[in-house]
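Here's the letter readout for the chains.
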Amino acid sequence: ATIERAIRIGEFFKSHAYYAHSMMGADAELVSISGQGIVRNCNGDVDTPIPTFFGWQSRHLRTAHAYPDDADIVVINAGTNDCGGRVTNEEFYDGAKAFLHDLRAHYPRARLVWCYGLMGLYYDGVLRALETELAGTDAAFTYLPVSPIAWERGEVGAVGHPSVEGDVRGAAELAAALYRMV
């Protein structure tokens, strides 16, 4: 298989998502609103969680956007802001499962990859449990934990976000994993 099209959900401007698709030479459509989570945003608000804005062309106009349905891989980078928003493990599990169900309906042939951990592994156990549950019904779902930036010298940047070095290292982990999947 080849990576012809990848859809990336989560923060992406010059981040590990940007660097990973560049490293791989893959087409990508990158979707993001900073600070949002699956259930609540980093401040605990529920106004525009990722599953809500995923189908929008514009956050302000809230107009529909037709994402291509022929993606080979859909990478979800979410969970950090839910942690900041004090989402419980149970809420996150239910929200993540519902979002994956919606993504699977939109991308029936794509491999869904949940990339998580660059800013911490708070929901690691939740995502591992979700992967185990879905293994019997969706073999094309993978949870991909990446090493936190706090574990590496020089990788923590402004406001606890990855530095360029952290994003590049996270991108290399993501790209290597995606290459093994195809």
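Note that the structure is predicted; figures quoted are calculated from it, not measured.

> Just checking my understanding: could you explain the packing of aromatic side chains for this structure?
Here a ring pair, both rings aromatic, is described through the centre-centre distance and the interplanar angle of the planes. All chains considered together, the criterion is met by six aromatic pairs. Between the aromatic rings of F92 and W114, the centroid separation amounts to 6.0 Å while the plane-to-plane angle is 80°, which identifies the pairing as edge-to-face. One end of the pair, F92, is in helix α4 (residues 89-106); the other, W114, is in strand β4 (residues 111-116), with 22 residues separating them in the sequence. Here F92 falls in the buried class, since its relative accessible area comes to 0%. Overall, the relative accessible area of 0% leaves W114 in the buried class. Ring centres of F92 and Y123 lie 4.0 Å apart, and the angle between their planes is 10°; this geometry places the pair in the stacked category. Placement of the pair is F92 in helix α4 and Y123 in the loop between β4 and α5 (124-134), with a sequence separation of 31 residues. Three or more aromatic residues joined by ring pairs make a cluster, and in this case those are F92, W114, Y116, Y122 and Y123.

> Help me understand the environment of P51 in this model?
Topologically, P51 is positioned in helix α2 (residues 50-53). Judged by relative accessible area, which is 30%, P51 ranks as partly exposed. In this structure, P51 is in contact with G37, I38 and F99, ignoring residues within four places of it in sequence.

> What's the story with α5 in this structure? I'm lost.
Given 3.6 residues to a turn, an α-helix orients residues that are three or four positions apart in the same direction. D124, V126, L127, L130 and L134 are the residues of α5 that are buried. One side of α5 carries all its buried residues, which in axial view fall inside an arc of 165°. The elements touched by buried residues of α5 are α4, β4 and β5 (141-145).

Parameters and conventions
Residues numbered from 1 in each chain as written. Predicted model: local features only at pLDDT ≥ 70, side-chain atom pairs only at ≥ 80, totals over all residues. Heavy atoms only, no water. Phe/Tyr/Trp six-rings, centres within 6.5 Å; stacked < 30°, edge-to-face > 60°. Helix = DSSP H or I, 4+ residues; strand = E, 2+ residues; numbered from the N terminus. Buried < 20%, exposed > 50% of the residue type's maximum accessible area, 1.4 Å probe, protein only. Contact = heavy atoms within 4.5 Å. Arc of directions from axis to C-beta.

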